[in-house]
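# Residue-level structural notes
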Amino acid sequence: MALASGSARLALARPGRLGLGSCGAPRRGAYEWGVRSTRKPEPPPPDRVYEIPGLEPITYAGKMHFMPGLARPVFPPWDPGWTPPKFRRLPPLHEHPLYKDQACYVFHQRCRLLEGVKQALWLTKTKLIEGLPEKVLSLADDPRNHIENQDECVLNVIFHARLWHSTEDIPKRETYCPVIVDSLIQLCKSQILKHPSLARRICAQNNMLSTTWNRGSTLIQVHGSSGAQLNAKDPLPPIASREEVEATKNHVLETFYPISPTVGLQECNVYDVNDDTGFREGYPYPYPHTLYLLESANLRPHRFQPDQLRAKMILFAFGNALAQARLLYGNDTKVLEQPVVVQSVGTDGRVFQFLVLQLNTTDLASDEGVKNLVWLDSDQLLYAHFWCLPVVRRKAVVEPVGPTGFQPETFRKFLALYLHGAV
Amino acid sequence: MAAARCWRLVLRVPGLSLHTAAGAAVTAPEVTGPDVAAAPVARYPPLVASLTADSKAARQRRVERWQATVHAAKSVDEKLRILTKMQFMKYIVYPQTFALNADRWYQSFTKTVFLSGLPPPPPAKPDTEPAPALDVAALRAAACDCLLQEHFFLRRKKRVPLYLEREAIASPFLDQLVASLTGLLSARNPALAAAALDCKRPVHFYWLRGEEIIPRGHRKGRVDALRYQINDKPHNQIRISKQLPEFVPLDYSVPVEVPVMNCKPDKLPLFKRQYENTIFIGTKTADPHCYGHTQFHLLPDKLKRERLLKQNCANQIEVVFRANAIASLFAWTGAQAMYQGFWSEADVTRPFVSQGVITDGKYFSFFCYQLNTLALTAQADQNNPRKNICWGTQKFTVTWNRCLS
């Protein structure tokens, strides 16, 4: 409100004459009052005839032009009927139709959680397991699933993204991050010849997800778009067996007193409680398969830290899973018989984080009972560094152009997450 | 007299020779004794024009010396660098243009012949097995899914206003369509499975064609080549590692003539600027996927059908599609050819073929382009019967009610 411009402040409909306030000093400051040469001229004062009560002045309004001797007409203020979008002001929050007294803590795509993964686990009532599940790792290690010349193809992809795709000498992260993820997905898609069910998937972007749940007495919402999302016609099979799911009853969620679990979330009184997967009914690809979250800002302070990125991945995957579960099984809180599984990959173009989340229960208000499960594989480097120009010391090439510390294992996990559900 | 004096100087000081060719000619018979009778020995150094004189012959010699450096360049990058390092004023050709009858102008700039319809199908080889039947229903379903997802099913943050509709809806639809069709068709064409898919990557090409007399300036009255540059940004493109087979043989003579424009390109309107000359296919020369397959272009709002009809330019609707196809595909195939080391003095020995799909979100047109010649400069084009060929179809529409049924 302190940043409202002069014209916007006027439109807040303050009664009274403009210009002079109660104490006679101008209500607008010098900045808004304006430079003398740009100020509009003051309107001429009304004729003295108007000060005589009971008298109807004869004006030249009917003649449509000035006539000496007749009074200057005073017209009622004109209401244009509409305001241009530039000058439109939002109504005060209390009058908004979606205003509620209870505050909701909203997680959107630029929220950085202070406690990172621990806080995300508490908010979603989830138990963490380090490393990807064996089912997915076996897909990674199975040589039948490998692409021919896989390492060579991945190295070409890295070269293309980091060096070749642009005329610049050193392409920036904003261009190379989406290029590398798109090229890796394209490489995974080449397996469509071996697994035709990979054709039953589609990629979507900019869908607005919105889910709300109660955690104790606090209302938490995940709202926003998470970037690119792979949707499938068939749901992912559950990973953990019933026994493992029942065993999570004994797990105690880690708290981080004195930090409040809602720190970092945006407190909001205007929100919509209804769930929204981001797609209408009848969408042919209803099951979210994998979310791809990119941190592609050029400057390091604008990018998320790996811990914050992992927390964002957990919350968005959980939001998608919860919306899907409520769509399939209704809004009542219960333990799901068919758990919903959603995957997520987060990267900044070099370091990858892999995540598989299994939603076992929608009963999130209490801290006891069955918990959800998340398998997290953090900080997988695809390559340690990429030299765009050769490093030459004393006329000898010390480091050639190309990646150093290439790890083919990371792409195998990426491929395994892609093939999961279709093999 | 002068020649005799030079001869004696060369004999006395064999290490310092004024003309290196002359020195070689002098020393050669001393080395190969018995073969003297076979090759007639030049007794005088070759009479060549001066290198620094202000004469046409000297200029020709300088041009030939420069061309020899290009021929002798060891790598393609070096060759491209020598060809593009000197910057002069050049015309900037925009593939997506509102200019009237731009397709005829672009045909004359690129020496292209336009033929309606698609190119003749390749002759069926008897030994290979017939290709599996095309699952049209699955492709149609995938295309409908992409269309419906963007136009109907996807819930976006705000209702998209009309002026942003193209980039917010038609652009992701085209991305999805290309990705899904590439995936589905890779069963029939394994090269598509290994292809590289580019999204909004630039394509640049720089070439010389024709000559003009410089009208004013300190070089007034002299003959100067006309330079052109295309800086294109196709919406999607598919690049493969093996070249597409040719549609027609390299020296196929097309009965149609290339249109000849009698005015300067400025009349199009086309404007000159001087900046970096770039030749780029979408990746640098080191990429193994250096041959093009298909480009996809999305026309901007400025050139949409309703706007052209309002301006009484109904006959320009097709022209917009054709001009875009000719310019973009010529730039792409030309850049591919230059990446293989061909240029105007070293013409292509095999035709470079690419395809293009141009759309405005609703109407699709399909084009095929075959580059038969890069020799478009005045010097190289004197005895060049080859022409580049562009095949193009009429517009096909994708309509709503057919998809929803």
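Computed from a prediction, not measured in an experiment: that's the story for all the values here. (Residues numbered from 1 in each chain as written. Chains lettered and ligands numbered in written order. Predicted model: local features only at pLDDT ≥ 70, side-chain atom pairs only at ≥ 80, totals over all residues. Heavy atoms only, no water.)

### Describing the interface of chain B and chain A
Contact with chain B, which involves 31 residues of that partner, is made by 33 residues of chain A. For the chain B and chain A pair, buried surface summed over both sides reaches about 2,700 Å², with 58% attributable to carbon and sulfur atoms. When the buried surface of chain B facing chain A is broken down by residue, B:Phe153, B:Arg155 and B:Lys284 rank first, second and third, together holding 26% of it. Taken together, chain B and chain A are joined by one salt bridge. The shortest N-O distance in the salt bridge between B:Arg155 and A:Asp276 comes to 2.5 Å. (Contact = heavy atoms within 4.5 Å. Buried area = accessible area lost by both parts, 1.4 Å probe. Salt bridge = Lys/Arg side-chain N within 4 Å of Asp/Glu carboxyl O.)

### Overview of a positive patch on the surface
Residue and element names in this part refer to chain B. A grouping of Lys 302, Lys 304, Arg 307 and Lys 310 is seen on the molecular surface, where their side chains present a positively charged patch. Mapping Arg 307 onto the fold places it in helix H9 (residues 305-310). With a relative accessible area of 35%, Arg 307 lands in the partly exposed category. (Patch = residues over 30% accessible without salt bridge, like charges linked within 9 Å, V, L, I, M, F, W, Y side chains within 5 Å. Areas by Shrake-Rupley, 256 points an atom, 1.4 Å probe, with all protein chains shown as cover. Lys, Arg positive; Asp, Glu negative; His and termini not counted. Charge placed at Lys NZ, Arg CZ, Asp CG, Glu CD. Helix = DSSP H or I, 4+ residues; strand = E, 2+ residues; numbered from the N terminus. Buried < 20%, exposed > 50% of the residue type's maximum accessible area, 1.4 Å probe, protein only.)

### Considerations on helix H3 (residues 117-124) of chain A
Residues and elements named next belong to chain A. The element H3 is largely enclosed, with a buried count of seven among its eight residues. Every buried residue belonging to H3 is among Val 117, Gln 119, Ala 120, Leu 121, Trp 122, Leu 123 and Thr 124, and all of these are buried. On its buried face, H3 sits against strand E2 (126-130), strand E4 (209-215), strand E5 (218-224), helix H8 (306-329) and strand E11 (372-381). Of the residues trailing H3, Lys 125 is marked for its positive phi of about 55°.

### Some remarks on unusual backbone geometry
Residues A:Tyr257 and A:Pro258 are joined by a peptide bond in cis, for which omega reads 5°. You can see A:Pro258 is positioned in the loop between helix H7 (242-247) and strand E7 (266-270). The omega angle of the peptide bond from B:Leu268 to B:Pro269 is 15°, so this bond is cis rather than trans. In this structure, B:Pro269 sits in the loop between strand E6 (236-240) and strand E7 (272-273). With a phi angle near 55°, A:Asp379 is a residue other than glycine that sits in the positive phi range. Relative to the elements of secondary structure, A:Asp379 occurs in strand E11. Note on A:Asp379: relative accessible area 40%, which makes it partly exposed. Here A:Lys395, not a glycine, exhibits a phi torsion of approximately 60°, which is positive. With respect to the secondary-structure elements, A:Lys395 resides in the loop between strand E13 (391-393) and strand E14 (396-399). Exposure remark for A:Lys395: the relative accessible area of 84% places this residue in the exposed category.

### Considering the sheet that holds E7(B)
Residues and elements named next belong to chain B. Taken in spatial order, the four strands make up an open sheet running E4-E5-E1-E7, and their pairing is mixed. Edge positions in the sheet fall to strand E4 (203-213) and E7, since each of these pairs with one other strand and no more. Seen against the sheet, helix H5 (residues 102-110) touches strand E1 (90-93), E4 and strand E5 (223-232) and runs at an angle of roughly 85° to E4. (Pairing = 2+ DSSP bridges. Axes fitted to C-alpha atoms, helices over the stretch in contact; angles between N-to-C directions.)

### Examining the packing of aromatic side chains
In the structure shown here, the tally under the stated rule is 29 aromatic pairs over all chains. On the basis of an interplanar angle of 70° and a centroid distance of 4.8 Å, the ring pair of A:Trp213 and A:Phe318 is categorised as edge-to-face. Of the two residues, A:Trp213 is situated in strand E4 and A:Phe318 in helix H8; the sequence distance between them amounts to 105 residues. Look at A:Tyr383 and A:Phe386: their rings are 6.4 Å apart centre to centre, the planes differ by 75°, and that puts the pair in the edge-to-face class. Given the relative accessible area of 0%, A:Tyr383 is considered buried. Taken together, the aromatic side chains of B:Tyr91, B:Trp105, B:Tyr106, B:Phe109, B:Phe205, B:Trp207, B:Tyr228, B:Phe330 and B:Tyr369 make up a single cluster linked through ring pairs. Across the ring face of A:Trp122, the terminal group of A:Arg215 is positioned such that the distance to the ring centre comes to 4.5 Å. Lying over the aromatic face of B:Tyr91, B:Lys272 brings its terminal NZ or CZ to 4.9 Å of the ring centre. (Phe/Tyr/Trp six-rings, centres within 6.5 Å; stacked < 30°, edge-to-face > 60°. Lys NZ or Arg CZ within 6 Å of the ring centre and 35° of its normal.)

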